[in-house]
Amino acid sequence: MRNSTDHTAAAQGTSASASVKTVVVPAAGMGTRFLPATKTVPKELLPVVDTPGIELIAEEAAACGAQRLAVVVAPNKEEIMRHFGEFEELQKIMNRRGKKEQADKVARAGELIEAVAVTQDEPLGLGHAVGCAEQALGSDEDAVAVMLPDDLVLPAGVMDKMVQVRERLGGSVLCAFNVSRDEVSNYGVFDVVDADASFDGFDVLQVRGMVEKPAVEDAPSTLVATGRYLLDRGIFDALRRIEPGKGGELQLTDAIELMISEGHPVHVVVHEGKRHDLGNPGGYIPANVDFGLHDEKYGPALYPALKKIIADFEAEHPELINEN
């Protein structure tokens, strides 16, 4: 495995096997924060070390027992789905050259999980993207998982915890992180109360509502939403009944709020770990450093290289040392 977090995913990825069949991955965005790279390469295919972000999500989905990855793509982003296709000739070349490890990496994405494309013709918000994926669900599925490809949630395995909560308390379950109060205005913030149940090893709270990017003084808590959702199938009906917001977009948060107002139970799992935001260069670069340091092949050389880069930078900018 490339990264120590992968071992966690594999170890924790059995309990959800009967409960999560389809994972929806909204991937229709333009990736404008990564221009000019995303002129020709979808943001979801940019590598974290040597593995595209979308494959890391597929790995997480497979580890929690999902059978299908429903990738919501724009009409001009078919390259994402090609990543899950067969590359027999490339595999043959790698094998002929004695590079079996490379050949296995080429085949890996297509072997992890069945990936199906769902087309979102217009960028009409996260809620609209999730709604487009209803067609990918089987008639026997009463819940759907959503994983945002911009968010790497570490260590892996939070979806298994969310499944445990749904099995006991019903409804929908979201993932929450605790941030400093100064950061709340960057996120959707949960209004929570104690849940009527306790779980071994992690905290669960009941959600009364959500506030999108509130002022610091207006934030109901410091628990914020991140890109993991386990939603009752009723979310699709709620999405059909909400009104578009700014820019004509349908927001997933509004649909969840509607369900709460109608008595649908919603809980959050408070995840103790870290999150990398692959949606912008400021988060993508630290993700590569983190994964690179934990990589068996690259980590030993990367660590001293980073120390030297940092030492040289501090020598050039001594004024920053006292500030930090």
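Residues numbered from 1 in each chain as written. Predicted model: local features only at pLDDT ≥ 70, side-chain atom pairs only at ≥ 80, totals over all residues. Heavy atoms only, no water.

Draft legend 1. How the structure looks around the overall build of the chain. Each helix and strand in the chain was counted, giving 12 helices and 13 strands. What you see for the chain is a C-alpha radius of gyration of 20 Å, in line with the 20 Å of a compact globule of 324 residues. Across its three principal axes, the chain shows a C-alpha extent of roughly 60 × 55 × 40 Å. Burial analysis of the chain (324 residues in total) assigns 48% to the buried set. Contacts in the chain between residues far apart in sequence, at least 24 positions, make up 77% of those at least 6 positions apart. Surface exposure of the chain reaches about 16100 Å², of which carbon and sulfur atoms provide 51%. (Helix = DSSP H or I, 4+ residues; strand = E, 2+ residues; numbered from the N terminus. Rg over C-alpha atoms; globule rule 2.2 N^0.38 Å. Buried < 20%, exposed > 50% of the residue type's maximum accessible area, 1.4 Å probe, protein only. Contact = heavy atoms within 4.5 Å. Areas by Shrake-Rupley, 256 points an atom, 1.4 Å probe, with all protein chains shown as cover.)

Draft legend 2. Molecular detail of the environment of R208. For R208, the location among the structural elements is in strand β10 (residues 203–212). A C-alpha to C-alpha distance of 20 Å links R208 and F236, two positions 28 residues apart in sequence. Non-local contacts of R208, meaning those with residues more than four positions away in its chain, are made with D191, V192, V193 and I260.

Draft legend 3. Main features of helix α10 (residues 281–294). Over its 14 residues, α10 extends 20 Å from the first C-alpha to the last, a length consistent with the 20 Å expected when each residue adds 1.5 Å. Turning to α10, its buried residues are G283, Y284, A287, D290, F291 and G292. By the N-cap criterion, in which a side-chain oxygen at the helix start approaches the backbone nitrogen of a residue two or three places on, α10 is capped by N280, the distance to G282 being 2.9 Å. (Expected span 1.5 Å × (residues − 1). Polar contact = N/O pair within 3.5 Å; in protein donor to acceptor, adjacent residues only side chain to side chain.)

Draft legend 4. Up close: helix α5 (residues 100–112). Here α5 is 13 residues long and its end C-alpha atoms lie 18 Å apart, about the 18 Å a rise of 1.5 Å per residue gives. Its axis deflected by about 35 degrees at V106, α5 carries its strongest bend there. Turning to α5, its buried residues number three or more, namely A103, V106, A107, R108 and A109. Buried-residue contacts for α5 involve α2 (53–63) and α4 (88–96). (Bend = angle between axes of the 7 residues up to and from the residue.)

Draft legend 5. Seen up close, the packing of α2 against α5. Running from N to C, α2 and α5 cross one another at 50 degrees; their axes reach a closest spacing of 9 Å. The orientation of α2 with respect to α5, classified from their angle, is oblique. Helix-helix and strand crossings are classified by hand; for α2 and α5 the assignment is left-handed. Taking contact as the criterion, the partners of E55, A58, E59 and A62 in α2 are, on α5, R108, A109 and L112. Its residues placed into classes, the contact of α2 with α5 shows four nonpolar, no polar and three charged. (Axes fitted to C-alpha atoms, helices over the stretch in contact; angles between N-to-C directions. Parallel < 35°, antiparallel > 145°, perpendicular 65-115°, else oblique. Left-handed = near helix turned anticlockwise from the far one by under 90°. Nonpolar A, V, L, I, M, F, W, Y, C, P; charged D, E, K, R; others polar.)

Draft legend 6. Region of interest: the state of the cysteines. Applying the stated criterion across every chain, the model contains zero disulfides. Among the cysteines around C64, which has no disulfide bond, C175 carries the closest sulfur, lying 13 Å off. (Disulfide = S-S within 2.5 Å.)

Draft legend 7. Fine view of the confidence of the model for the chain. Taken residue by residue, the chain gives an average pLDDT of 90. The fraction at 70 or more is 94%. The lowest-confidence element of the chain is helix α1 (residues 4–12), averaging 37 in pLDDT; the highest-confidence one is strand β1 (residues 22–26), averaging 97. (pLDDT = per-residue confidence, 0-100.)

Draft legend 8. Up close: the packing of α10 against helix α11 (residues 299–316). Following both chains from N to C, one finds α10 and α11 inclined at 130 degrees, their axes separated by 7 Å at the closest point. Classified by the angle their axes make, α10 and α11 are oblique. Residue-level contacts link V289, G292 and L293 of α10 to G299, L302, Y303 and L306 of α11. When the residues that make up the contact of α10 with α11 are grouped by side-chain class, the tally is five nonpolar, two polar and no charged.

Draft legend 9. Structural context of the packing of aromatic side chains. Considering all chains together, one arrives at two aromatic pairs under this definition. Ring centres 5.4 Å apart and planes at 85 degrees place the aromatic pair F34 and Y284 in the edge-to-face group. One end of the pair, F34, is in the loop between β1 and β2 (47–48); the other, Y284, is in helix α10, and 250 residues separate them in sequence. Aromatic side chains F199 and F202 sit 5.5 Å apart centroid to centroid with 25 degrees between the ring planes, which places their arrangement in the stacked category. With a relative accessible area of 12%, F199 lands in the buried category. (Phe/Tyr/Trp six-rings, centres within 6.5 Å; stacked < 30°, edge-to-face > 60°.)

Draft legend 10. Inspection of unusual backbone geometry at higher detail. That bond from L35 to P36 is cis: its omega, 10 degrees, falls within 30 degrees of zero. Considering the arrangement of structural elements, one finds P36 in the loop between β1 and β2. With an omega dihedral of -5 degrees, the bond running from L154 to P155 counts as a cis peptide bond. Assignment of secondary structure puts P155 in the loop between β7 (151–154) and α7 (158–169).

Draft legend 11. Structural context of the nonpolar core. By size, the foremost hydrophobic cluster in this structure holds 43 residues, and its most contacted members are V20, V23, L69 and L230. Breaking this core down by element, the ones donating at least two residues are β1, α2, β4 (68–73), α3 (79–82), β6 (143–147), α7, β8 (172–178) and β11 (223–232). Among the elements that make up this core, the one with the highest residue count is α7 (five residues). Two domains each provide a minimum of three residues to this core, namely domain 1 (17–149) and domain 2 (156–272). (Core = buried A, V, L, I, M, F, W, Y, C linked by side-chain atoms within 4.5 Å. Domains from an automatic or database assignment.)

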